[in-house]
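This is what each chain is made of:
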Amino acid sequence: MKVLFTGIQPTGDIHLGNYFGAIANWVRLQHEYTSYISVVDLHAVTIPYEPSEMPGRVIDLATTLYACGIDMEKTILFVQSEVPGHADLTWMFNAITPLGELERMTQFKDKRDQFRASVNVGLLDYPVLQAADILIYKGEVVPVGEDQVQHVEFTREVARHFNSRYGPTFPECQALLTKSPRVLGLDGDSKMSKSKGNTIGVLETPEKIWAKVSPAKTDPARVRRTDPGTPEKCTIWSYHLLVTQEPELTEIHNGCTTAGIGCIDCKKRFQANLMKVLDPIRERYGELAGSGRKMVEDRLEANAVKCRAVAGETIREAKGKMGLKKVWKIES
Ligand code: TRP
């Protein structure tokens, strides 16, 4: 099986954008690949954060990923900072990476503008660490969102640079773009994102979710209950596409265009279908965060041991090619 690698930052609660845009795919793909998923805490420290909150965020994210269907037996889910080789390989890659390539990265430019007061070297070097993440396991397939494609292309460049300088060592990986549409935010204007405060969290209670969904904007043309609407102009319709099956989907589409159903009815049906997806996740999270906590911790620990072994092999190989191993047993 080919090696799949992906990473996710422990920077906030998982929402529908993360779930339908990425995690649900990883759950499907774990059956087809040798899958590594990393909670990338070393990436997360490149922007301002509260150290005392980090351990909780890391374990919460791992628990949420398991609750979402990441399989303990199938996927090697681990915490990045538990595997020292990532930072080692980053340094080796730094030495062959042209500065200009990093300065061109879109995400760097965005974050530099966003965190003007605290632009550290780590923010610039972020893609090199990401390349090390992938290549240390000789990852070939990298399922990510649109915004990470540039970093995956950069990873290919790094592999090429290394291979041409030191000899064939790393594969050239491919981004695997998901077919799932970008999930709109509750404001309807932009994609769902924690920084915009327009999210529905996968672990939120039905009551909390309804408090967000019921006042959400719909097609502005539906001022009165009797006004027909255009589902394609409605955020809630885009959500139905994620959770509602046929024939109900067609029924709702027709209901909207003929004013057969009102927006509140439509939202209620969305909420009911969404909860069919989220109730089991929330329940499983409850179990794993309670009596299952030790099992999650033990598994992360065991996976880190596995990763250190694989990563160690790659580090040994890379060091050898770079002339960094002990070949200088020079007799005096
Ligand atoms: N940069 C990615 C993001 O913000 C997270 C990430 C870190 C990652 N290392 C990775 C993704 C390796 C894929 C492969 O979403």
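Residues numbered from 1 in each chain as written. Predicted model: local features only at pLDDT ≥ 70, side-chain atom pairs only at ≥ 80, totals over all residues. Heavy atoms only, no water.

(A) Structural view of the overall build of the protein. If you tally the helices and strands in the protein, you get 13 helices and 5 strands. In terms of its C-alpha atoms, the protein occupies a principal-axis envelope of roughly 95 × 45 × 40 Å. Residue burial in the protein is summarised as follows: out of 332 residues, 49% are buried. Intrachain contacts of the protein at a sequence separation of at least 6 include 77% that bridge at least 24 residues. Taken as two groups, the 42 positive and 42 negative side-chain charges of the protein have centres that lie 2 Å from each other. (Helix = DSSP H or I, 4+ residues; strand = E, 2+ residues; numbered from the N terminus. Buried < 20%, exposed > 50% of the residue type's maximum accessible area, 1.4 Å probe, protein only. Contact = heavy atoms within 4.5 Å. Lys, Arg positive; Asp, Glu negative; His and termini not counted. Charge placed at Lys NZ, Arg CZ, Asp CG, Glu CD.)

(B) A look at the side chain of S35. You can see S35 is positioned in strand β2 (residues 34–39). The exposure class assigned to S35 is buried, which follows from its relative accessible area of 2%.

(C) Quick look at the pattern of salt bridges. Scanning the entire structure with this criterion turns up 16 salt bridges. Between D113 and R112 there is a salt bridge whose closest N-O contact spans 3.7 Å. Among the salt bridges present, the one from D227 reaches R224, with a minimum N-O distance of 3.7 Å. Exposure remark for D227: the relative accessible area of 14% places this residue in the buried category. Residues joined by salt bridges that share partners form a network here, namely R112, D113 and R116. (Salt bridge = Lys/Arg side-chain N within 4 Å of Asp/Glu carboxyl O.)

(D) Broad picture of the site of the ligand. In the vicinity of the ligand, 13 residues are found, and the nearest of them are G7, Y126, Q130, D133 and Q148. With respect to the ligand, the side chain of Y126 contributes an N or O atom lying 2.7 Å from a nitrogen atom. Here a nitrogen atom of the ligand and a side-chain polar atom of D133 are 2.7 Å apart. Coverage of the ligand by the protein amounts to 89% of the 370 Å² it exposes when considered alone. Mapped onto the shell around the ligand, the elements with two or more residues apiece are β1 (3–8), α7 (121–136) and β4 (141–144). When grouped by side-chain class, the residues that make up the shell around the ligand number 6 nonpolar, 6 polar and 1 charged. (Near = heavy atom within 4 Å. Polar contact = N/O pair within 3.5 Å; in protein donor to acceptor, adjacent residues only side chain to side chain. Areas by Shrake-Rupley, 256 points an atom, 1.4 Å probe, with all protein chains shown as cover. Nonpolar A, V, L, I, M, F, W, Y, C, P; charged D, E, K, R; others polar.)

(E) Layout of the nonpolar core. Within the largest apolar cluster, 53 residues are counted, with the highest numbers of intra-cluster contacts made by L16, I23, L65, I200, Y239 and L274. Discounting residues that sit within four places of it in the chain, L16 has contacts with G21, V183, M192, I200, V202, L274 and L278. Listed in part, the 39 residues of the second largest apolar core include I47, A132, V158 and A318. (Core = buried A, V, L, I, M, F, W, Y, C linked by side-chain atoms within 4.5 Å.)

(F) Region of interest: the packing of aromatic side chains. Taken as a whole, this structure holds 11 aromatic pairs when the rule is applied. Considering the side-chain rings of Y36 and Y137, the 4.4 Å spacing of their centres and the 25° angle between planes classify their relative orientation as stacked. Of this pair, Y36 sits in strand β2 while Y137 sits in the loop between α7 and β4, and the two are 101 residues apart along the sequence. What makes Y36 buried here is its relative accessible area of 7%. Ring centres 5.5 Å apart and planes at 80° place the aromatic pair F93 and F170 in the edge-to-face group. (Phe/Tyr/Trp six-rings, centres within 6.5 Å; stacked < 30°, edge-to-face > 60°.)

(G) Inspection of the pairing of β2 at higher detail. The buried count for β2 comes to 5 of 6 residues, which makes it a mostly enclosed element. Where β1 lies against β2, 6 bridges are found, and the strand directions are parallel. Bridged to F5 within β2 is Y36. After leaving β1, the chain enters helix α1 (residues 16–29) and then returns to the sheet as β2, a path that is right-handed. In this structure, β2 lies alongside strand β3 (residues 75–79), joined through 5 bridges in parallel fashion. Within β3, the position partnered with S38 by the bridge is F78. (Pairing = 2+ DSSP bridges. Right-handed = clockwise from strand over helix to strand, strands pointing away.)

Geometric descriptors of this kind do not, in isolation, establish any biological role.
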